[in-house]
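Fold and geometry: a report
Read off the chains here:
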Amino acid sequence: MELQNTVKEALSALYHHPDDAVRMQADRWLQDFQRTIDAWQVADNLLHDASSNIETSVFCSQTLRSKVQRDFEELPSEAFRPLRISLNTLLKSFHKGPPKVRTQISLAVAALAIHVPAEDWGDGGILNWIRDEMNSHPECIPSFLELLRVLPEEVFNYKIAVRPDRRRSFENELAAGMEIALNVFTACLNINGLSEQALEAFASWLRLRHRIPASALASHPLVLTALSGLNSDMLSEASVNVISELIHYTTVRNLDEVASQMPLIQVLVPRIMNLKPQLRDSSKDEEDVKAVARLFADMGDAYVELIATGSEESMVIVQALLEATSHPEFDIASMTFNFWHSLQMIITESPHPHGHEPSSEPVKSPQLLAFHSSYEALVSLVSVKVEYPRDYADLSREDQKDFKQTRYAVADVLIDAALVLDGDATLKILYMKLIEAVRNCGQVQQTDWRPAEAALYSIRAISDYVSNTEGDVMPQIMNLLPQLPHQPQLLQTVCFVIGAYSKWLDTAPSGPSFLSPLINILVSGMSISEDTAAAAAVAFRHICDDCKKKLCGSLDGLFQIYQGAMIGEGPFKVSAEDSLHLVEALSMVVTELPSEHAKKALEALCLPTVAPLQDIINQGPLVLGQKPARDLTVHIDRLANIFRHVNHPEAVADAVQRLWPIFKSIFDIRSWDTRTMESLCRACKNAVRTSKTLMGVTVGVILEEIQALYKQHQQPCFLYLSSEVIKIFGSDPSCTNYLTILIESLFNHTTSVLTKVQDFSSRPDLVDDCFLLASRCIRYCPQLFFTSPVFPCLVDCSMIGITVQHREASNSILNFLSDVFDLANSTHGKPYVPIRDNVIIPRGAVITRVLVAALTGALPSSRLETVTYTLLAITRAYSSNALQWAKEAISLIPSNAVTAVERSRFLQALSDATSGAAVNGLTTPIEELSEVCRRNRSVQEIVQGALRPLELNMVSVS
């Protein structure tokens, strides 16, 4: 009684107390209470108490529902009967009560039915029991109909803590009782006011696919009632839901399935086609039009294989879908987009990779030609939907974001059309739209720029599918661009179009003649606003990438643009982030220069970034140490991009050697500053990647520097820079000594600061880069790594950190262990297998136990795939030993958490792995063990308490 009063007081505080702190405290207390064993009785008592208010009833019904779902195993087996009786009483007593409470009680009964097999439920199973209760208590039929509706939905509710076998059995029990359920629903059609609810429940049961033949459903009273509901003035939502489910029920994935589904399809399609006039009926409620469009979209998606035959009947459906696509409301039109994509995939025979370049004259199949006019109409219909709304500037940020998503969705549809019609034909349709729009967009009086912008956006969307030699339309578009007004959004899209067609500008015979006026447009774009500058910078990069050979002669002009933007002279509005596109652009052009000119050009490229850094350093260590990181990294990031994109290894190596005094000053003074160190290490890494062995001398100096600094500041970026060096120099015998010293120094220091799982949690970036470096060593210098005393230290370290919750850190550790276990698969690694075994075999039982713990709840289920791979890798590497380790680990889990059958399936999967079975066939028993051990908090605690993954020296007591 006291606890019941406390619950009421806590709820009153939660909903009505003015103090936030008190409300939060009440909320925490109630959440903790829901996990207790007392919550069963208290929630049940308060629900049966007629004086409980609505807040108490809602909370207690939710508590009871979650307890049945998650904690049913807490109860003794004899508690089932009284619980069923109590829930049944509540279901009847709340039959007129708050719908929220009734729904929660229905969900609790459904969860109970999933836990308890039909033979233990009694009364012939839950369906017979419900039918009998409805007959005995006709006034409570709505409550039991709701229960019937949620039953099939709860089959796939994984919050319900049941074993996979029981979940499958329950689905089969429902399937076996389908006839009982449908008879109940049919009987309810004749009860006044219940037909809608009966149809909703029927829709829910149809999700148990293909349990009743389509021929039987075609004439079923429930189906006929739903169809007649489509004809009423007020469209029945329940009827629409039933018809939608019937369409999915009869989905045709290949033409062999058609015959069995045809009796029902022939009933559905004509009735849905009769609704077509409603798509254009302005007197219809928008929700009704949406419902009709949904049925047409469902029909298109389900029967796309049939429609793709191009028969006369299917073209009628296609016309109806075009009509839905033409609807001015985007929410309605976009329902059909998936159909156009699926149809494209079938009639073009295969999904095309991004950037598909059409062949000169592809031969088109009759099937493809049958849909030509439909896709031509589609292009015209959807391209207008990307037009900026007149009030765009006044829209909320959320609405502006939605409009961008609309444009992306339309762009995808235009790509589908380009794949059917081919890019050049689609371009011609869009060009006519552009010409029409430009007429309304005079340069002097900017009447309406929006239609021209929409046409250009659409032209940009299909750029990857227009041939690079297209000679009819592209030259006219390029001629047109300089004549358009510099309205910001229009100019932004013009810049994007220029960038999108950079390959055409390089390849087409007339392309080069447009380069100069188009670059002028980009310079204007860089000067109007930050948004136009961003688009212009991206386009400039594309132009310089694809037309670099043609632009080598114009380097002086390009440098002028580059320097103006870098220094921020004049009207340029290029942000620091977007300036990196210009850096890449010039770097690509410099790459095309002969070696003798490249060195000088590289100096000129570096100058606007080096000069400000040198100025800061010249002001002395105090100023350098106090500058905000941003003042340094904006310039260092540009150097990093130069070293990455200027593909002149010798010139880059010389540049880094020349710049080393600047880099060293920054390393020495700012080694505490993570952001600056990351930027500087990225620059060094890119230089190493470009210059490779030509950087030998400078690399030695850099590594000495970071080795010394790492001991003071453990910056993770020092590890990823070392990782790049290992990749390039790892197999070079002349580097053996200093690389051995490097990896021993870095790994010894890292393992000394990662001694308990809390260290891993507080420094996940360090863990991530440490084990990525270790994996690199396995791949590129196993001869140094496995013979070093750091190898066993790293394995010990990894065992402590396997269960760290941080995703990247955990994955890096697991991937490192997998690489160790898979060593025999690599030619370079094979000689070191005996050394590996000397380290792993004594630790194998513990590693396996920790991996099983990770699998069964110590790590989130999203890591299951990586953990499973690591477990299978150790099993394949150590066969009988690993099976014994797994057996020992799994035997620690008590039988009330995992049954003998579940254990045996798991061990069998591992045994199959040792025989070389494919991974795909082994995952189900492993995933099911994971699911069983995570089915609720109590079981998870029992399992983790038995496996104790954080106790590496645990001794099992037999």
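Not measured: the values here are computed from a predicted model. (Residues numbered from 1 in each chain as written. Predicted model: local features only at pLDDT ≥ 70, side-chain atom pairs only at ≥ 80, totals over all residues. Heavy atoms only, no water.)

1. Looking at the overall build of the protein
Put simply, the test is: Only DSSP runs of H or I with at least four residues qualify as helices, and only runs of E with at least two residues qualify as strands; both kinds are numbered from the N terminus onward. Under the scheme applied here, a residue whose accessible area is under 20% of the maximum for its type counts as buried, over 50% as exposed, and between as partly exposed, the area being computed with a 1.4 Å probe on protein chains only. Contacts: residue pairs with any heavy atoms within 4.5 Å of one another. Methods summary: accessible areas were calculated by the Shrake-Rupley approach with a probe of 1.4 Å, and residue burial reflects only the protein chains presented. The charge count includes Lys and Arg as positive and Asp and Glu as negative, but it does not include His or the ends of the chains. For the purpose of locating charges, the reference atoms are NZ of Lys, CZ of Arg, CG of Asp and CD of Glu.
Helices and strands together make up the secondary structure of the protein, namely 52 helices and zero strands. Judged by the C-alpha coordinates and their principal axes, the protein covers about 95 × 80 × 65 Å. By residue count, 54% of the 958 residues in the protein fall in the buried class. Long-range pairs, those at least 24 residues apart, make up 74% of the contacts in the protein with a sequence separation of at least 6. For the protein, the exposed area adds up to about 40800 Å²; of that, 51% sits on carbon and sulfur atoms. For the protein, the separation between the mean place of its 82 positive charges and that of its 111 negative charges on side chains is 4 Å.

2. Notes on the UniProt feature "domain: Importin N-terminal" (unreviewed entry) in the protein
Basically, it comes down to this: UniProt positions are given in the numbering used here, feature names are shortened, and annotations may be inferred rather than shown by experiment.
According to UniProt, the positions carrying the feature "domain: Importin N-terminal" (unreviewed entry) are residues 26–86. Note that residues 26–86 is 74% helix and 0% strand, and that its end C-alpha atoms are spaced 28 Å apart.

3. Regarding the side chain of Arg84
Note on placement: Arg84 falls in helix H5 (residues 80–93). With a relative accessible area of 10%, Arg84 lands in the buried category. With residues up to four places along the chain from it excluded, the contact list for Arg84 reads Leu112, Trp121, Gly122, Asp123 and Trp129.

4. Notes on helix H49 (residues 864–891)
We apply this condition: To estimate the expected span of a helix, count its residues, drop one, and scale the result by 1.5 Å. Here the bend at a residue is taken as the angle between two axes, fitted respectively to the seven residues that end there and the seven that start there.
The end-to-end C-alpha distance of H49 is 21 Å, clearly below the 40 Å that 28 residues give at a rise of 1.5 Å each. Of all bends in H49, the biggest is about 130°, found at Ser879.

5. Digging into the packing of aromatic side chains
Rules: When two rings of Phe, Tyr or Trp (its six-membered ring) have centres within 6.5 Å they constitute a pair, described as stacked for plane angles under 30 degrees, edge-to-face for angles over 60, and tilted for the intermediate range.
Taken as a whole, this structure holds 25 aromatic pairs when the rule is applied. Plain terms: the ring middles of Trp340 and Tyr375 are 5.5 Å apart, the flat faces sit at 75° to each other, and that makes the pair edge-to-face. Linking Trp340 in helix H21 (residues 337–347) with Tyr375 in helix H23 (residues 372–383), this pair joins segments that are 35 residues apart in sequence. Of the two residues, Trp340 and Tyr375, both sit in the buried class. Feature note: the residues Phe747, Phe771, Phe785, Phe786, Phe791, Phe816 and Tyr832 constitute an aromatic cluster, connected by ring pairs.

6. Focus: the side chain of Ser458
When you line up the elements, Ser458 lands in helix H26 (residues 450–461). What makes Ser458 buried here is its relative accessible area of 0%. Every residue in contact with Ser458, bar those within four places of it in the chain, is listed here: Ser383, Val386, Leu414 and Leu430.

7. A few points about the packing of H23 against helix H24 (residues 397–421)
The test is simple: Orientation is described by axes fitted as lines to C-alpha atoms, over the contacting stretch for helices, and by angles from 0 to 180 degrees between their N-to-C directions. By definition in this entry, angles of less than 35 degrees are roughly parallel, angles greater than 145 are roughly antiparallel, angles of 65 to 115 are roughly perpendicular, and the rest are oblique. By convention the crossing between two helices is left-handed if the near helix lies anticlockwise of the far one by an angle smaller than a right angle, and right-handed if it lies clockwise. Throughout, the ten residues Ala, Val, Leu, Ile, Met, Phe, Trp, Tyr, Cys and Pro are labelled nonpolar, Asp, Glu, Lys and Arg are labelled charged, and all others, Gly among them, are labelled polar.
Interaxial distance between H23 and H24 falls to 10 Å at its minimum, and their mutual angle equals 155°. Judged on the interaxial angle alone, H24 and H23 are roughly antiparallel. Of the two elements, H23 crosses H24, and the hand of that crossing is left-handed. Residues His372, Tyr375, Glu376, Leu378, Val379 and Val382 of H23 form the contact with H24, whose participating residues are Val410, Val413, Leu414, Asp416, Ala417, Val420 and Leu421. Residues of the contact of H23 with H24, tallied by class, amount to ten nonpolar, one polar and two charged.

8. Describing the state of the cysteines
Each disulfide consists of a covalent bond between the sulfur atoms of two cysteine residues. The cut-off we apply is this: Disulfide assignment relies on a single distance test, namely cysteine sulfur atoms paired within 2.5 Å.
This model, assessed by the stated rule, comprises zero disulfides. Cysteine Cys770 remains unbridged, with the sulfur of Cys797 as its closest cysteine sulfur at 6.0 Å.

9. Describing the pattern of salt bridges
Oppositely charged side chains may form a pair once their charged atoms are brought near each other. The cut-off we apply is this: Salt bridges are counted wherever a side-chain nitrogen of Lys or Arg sits within 4 Å of a carboxyl oxygen of Asp or Glu.
Using the criterion set out here, one finds 49 salt bridges in the structure. A salt bridge links Asp20 to Arg23, with the nearest nitrogen and oxygen atoms 2.1 Å apart. Of the two residues, Asp20 and Arg23 are both situated in helix H2 (residues 20–34); the distance of three residues between them amounts to about one turn of the helix. Residue class for Arg23 comes out partly exposed when judged on its relative accessible area of 27%.

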